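What follows is each chain in one-letter form.
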Amino acid sequence: MFLPANRLPARVLAFICLACLLSVGAALLAQHGFGVKPCPWCVMQRGVYLLIAAVAGLGWLASKQRPLRNAALGLILLLTLAGLVAAYYQHEVAAKLDSCDMTFADRLLVALNLEELWPDVFMVTATCAEAAAYRLLGLPYEIWSGLLYAALAVLAVSALRSKSY
């Protein structure tokens, strides 16, 4: 049931792209359909998922060109590590703050003007302490996000290590 090695990286890239888009879609459904309000760290992680999806999609399109494909997988690995750091920080530090104003995530969103450019996706509507109260199957959302980032990192490493040409 293993994939042929020559197809593994392309399929991994397609899967990573789809998984990231689905995760952002699930976050938007939770927000707009079920009233889950995102904090700056939640919203920043959406941006990281969208970046990973874009890189994975481009890598998938260039998957027959090994250097470009591997560059995409390497960048995905770096972005997943950044996402893991963000999820960890959100859980261990930001969730305990009354306000996340002027944290890195808040400053980044303001600097990139994302709330005004695409408010349905990037509008912050909660503090980090408020967002920490939301749970999915008993776990905070940032834990689920961290688990997804870790899984994506494992997939990227697996595809980089495959013997495909």
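The notes below deal with the structure included here. Only a predicted model underlies this, so the values are computations on that prediction, with no experimental measurement involved.

## Considering the layout of surface pockets
In this structure, the second largest pocket occupies an estimated 280 Å³ of space. Every residue lining the second largest pocket is counted, 17 residues in all, and those nearest its centre are Met44, Val48, Leu51, Phe104 and Leu108. At the level of secondary structure, the elements contributing two or more residues to the lining of the second largest pocket comprise α2 (40-61), α3 (66-92) and α4 (104-112). Per element, the largest residue contribution to the lining of the second largest pocket is six residues, and it comes from α2. Within the lining of the second largest pocket, the residues separate by chemical class into 16 nonpolar, one polar and no charged.

## Quick word on the environment of Ala14
If you trace the backbone, Ala14 turns up in helix α1 (residues 8-34). For Ala14, a relative accessible area of 30% corresponds to the partly exposed category. Each C-alpha atom of the pair Ala14 and Gly57 lies 6.4 Å from the other, and the pair is 43 residues apart in sequence.

## Concerning the nonpolar core
In this structure, Ile16, Cys20, Tyr49, Ile52, Ala56, Ile76 and Leu152 are the most contacted members of the largest nonpolar core, which totals 21 residues. Listed by contribution, the elements that provide at least two residues to this core are α1, α2, α3 and α8 (141-161). Residue contributions to this core peak at seven residues, all from α1. Residues Leu109, Leu114, Phe122 and Val124 belong to the second largest nonpolar core, which totals six residues.

## Remarks on α1
Residues that lie three or four places apart on an α-helix share one face, since the helix turns once every 3.6 residues. In a regular helix each residue adds 1.5 Å, so 27 residues correspond to 39 Å; α1 covers 37 Å between its end C-alpha atoms and thus fits that length. Within the sequence span of α1, burial applies to Pro9, Ala10, Val12, Leu13, Ile16, Cys17, Ala19, Cys20, Ser23, Val24, Ala30 and Gln31. Once α1 ends, the next one or two residues include Gly35, with phi positive near 75°.

## Some remarks on α8
Compared with the 30 Å implied by 1.5 Å per residue over 21 residues, the 30 Å span of α8 between its first and last C-alpha is a close match. By the burial criterion, the buried members of α8 are Glu142, Ser145, Gly146, Tyr149, Leu152, Ala153, Ala156 and Ala159. Buried positions in α8, seen along its axis, are confined to an arc of 150° and lie on one side of it. The exposed residues of α8 that point more than 90 degrees off its buried face are Val154 and Arg161.

## Topic: the packing of aromatic side chains
Throughout the structure, instances matching the rule amount to one aromatic pair. Taking 4.3 Å as the distance between ring centres and 0° as the angle between the ring planes, the aromatic pair formed by Tyr49 and Tyr149 counts as stacked. Here the residue Tyr49 occupies a position in helix α2, and Tyr149 occupies one in helix α8, the gap between them amounting to 100 residues. We note that Tyr49, like Tyr149, is buried.

Criteria and thresholds
Residues numbered from 1 in each chain as written. Predicted model: local features only at pLDDT ≥ 70, side-chain atom pairs only at ≥ 80, totals over all residues. Heavy atoms only, no water. 1 Å grid on protein atoms, 1.4 Å probe; cavity = no way out; pocket = protein on both sides within 12 Å on 5 of 7 lines; lining within 4 Å. Points joined across faces, edges and corners; volume = space filled by probe spheres on them. Helix = DSSP H or I, 4+ residues; strand = E, 2+ residues; numbered from the N terminus. Nonpolar A, V, L, I, M, F, W, Y, C, P; charged D, E, K, R; others polar. Buried < 20%, exposed > 50% of the residue type's maximum accessible area, 1.4 Å probe, protein only. Core = buried A, V, L, I, M, F, W, Y, C linked by side-chain atoms within 4.5 Å. Expected span 1.5 Å × (residues − 1). Arc of directions from axis to C-beta. Phe/Tyr/Trp six-rings, centres within 6.5 Å; stacked < 30°, edge-to-face > 60°.

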